[in-house]
Amino acid sequence: MLNDRLLVELDSAGAERRSAAGIVIPATATVGKRLAWAHVRAVGQHVRQVEVGDRVLFDPDERAEVELEGQTYLLLREKDVHAVAAPRSTGQGTGLYL
């Protein structure tokens, strides 16, 4: 991976979901603007806040698909990631970027 790129694999749980009433909503249904979760498989050398193995939240409209060894992955930029599921705490500093 180059620069600020991430190679991610979509969560299998995101394929189809259930409504509060128990109705199954297929993955092909569009319900407004919905973000998706994925697992990071590789990162570029300039990625600062995400590591391999992290679970990230991103907008599925801002992606590019790539197939490697029969498996489909998504290619994202680090700036397209909205959140990391489990942030790491180093216990140092204030957490502010100056």
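Predicted, not measured: the structure shown is a model, and the values here were computed from it. (Residues numbered from 1 in each chain as written. Predicted model: local features only at pLDDT ≥ 70, side-chain atom pairs only at ≥ 80, totals over all residues. Heavy atoms only, no water.)

What follows is about the overall build of the protein chain. Summing up its helical and strand segments, the protein chain has 0 helices and 8 strands in all. Counting helices and strands in the order they occur from the N terminus, the protein chain gives β-β-β-β-β-β-β-β. Expressed as a percentage of the 98 residues in the protein chain, the buried residues total 24%. In the protein chain, 60% of the contacts between residues at least 6 apart in sequence involve partners at least 24 apart. Taken as a whole, the protein chain presents about 7200 Å² of accessible surface, with 51% of it coming from carbon and sulfur. (Helix = DSSP H or I, 4+ residues; strand = E, 2+ residues; numbered from the N terminus. Buried < 20%, exposed > 50% of the residue type's maximum accessible area, 1.4 Å probe, protein only. Contact = heavy atoms within 4.5 Å. Areas by Shrake-Rupley, 256 points an atom, 1.4 Å probe, with all protein chains shown as cover.)

Here we come to the environment of V52. Looking at the element boundaries, V52 is found in the loop between β4 (36–43) and β5 (55–58). Setting aside anything within four residues of it in sequence, one finds V52 in contact with V40, R41, A42 and V43.

Our next topic: the pattern of salt bridges. Inspection of the entire model under this criterion finds 5 salt bridges. Between R5 and D4 there is a salt bridge, with its nearest N and O atoms 3.0 Å apart. Under the relative-accessibility criterion, D4 is labelled buried at 17%. Two residues, E9 and R41, come together in a salt bridge whose shortest N-O distance is 2.8 Å. On the criterion of sequence distance, the pair formed by E9 in strand β1 (residues 5–10) and R41 in strand β4 is long-range, its members being 32 residues apart. One network of salt bridges, in which partners are shared, links D4, R5 and R77. (Salt bridge = Lys/Arg side-chain N within 4 Å of Asp/Glu carboxyl O.)

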